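# A structural walkthrough
Chain by chain, the residues:
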Amino acid sequence: MRNGEVFVDVWNCRARLARYEQLPDGGMTWNYAANWEDLEEAAEEAVDAAGGWLTASGHYPCPDELAERAVWQECQEAQ
């Protein structure tokens with residue numbers, strides 16, 4: 001996993017586009033694309049192509065052309 005890497009997160013039989021984000025303490029987290037629901041069907045197809053299942057929670061590779069369709073909501077600092 002690399003900072004900014006886009007992947008398909010399967011959890012609770014749903015496929016969501018997400019990307020890894022480095023935390024200041026060196027750990028990693030991930031955030032979902034703002035439009036993941038619009039891309040869910042394509043994400044399901046990516047999981048299937050990778051040999052995965054929607055019943056097997058995990059992180060799966062995301063094709064570049066699908067990752068390019070993701071919209072990311074940038075965090076805004078409190079004022």
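So, how was this worked out
- Residues numbered from 1 in each chain as written.
- Predicted model: local features only at pLDDT ≥ 70, side-chain atom pairs only at ≥ 80, totals over all residues.
- Heavy atoms only, no water.
- Salt bridge = Lys/Arg side-chain N within 4 Å of Asp/Glu carboxyl O.
- Helix = DSSP H or I, 4+ residues; strand = E, 2+ residues; numbered from the N terminus.
- Buried < 20%, exposed > 50% of the residue type's maximum accessible area, 1.4 Å probe, protein only.
- Contact = heavy atoms within 4.5 Å.

With that settled, the discussion passes to the pattern of salt bridges. By the definition in use, this model includes two salt bridges. Arginine 14 is the partner of glutamate 40 in a salt bridge, and the nearest nitrogen-oxygen pair spans 2.6 Å. Of this pair, glutamate 40 sits in helix α1 (residues 40-49) while arginine 14 sits in strand β2 (residues 14-22), and the two are 26 residues apart along the sequence. On the basis of relative accessible area, glutamate 40 is assigned to the buried category, the value being 11%. You can call arginine 14 partly exposed: its relative accessible area is 31%. With a closest N to O distance of 3.6 Å, glutamate 21 and arginine 19 form a salt bridge. For glutamate 21, a relative accessible area of 22% gives the class partly exposed.

In this section: the environment of alanine 34. Counting through the fold element by element, alanine 34 comes out in the loop between β3 (28-32) and α1. Look past the residues within four positions of alanine 34 in its chain and what remains in contact with it is Val71 and Gln73.

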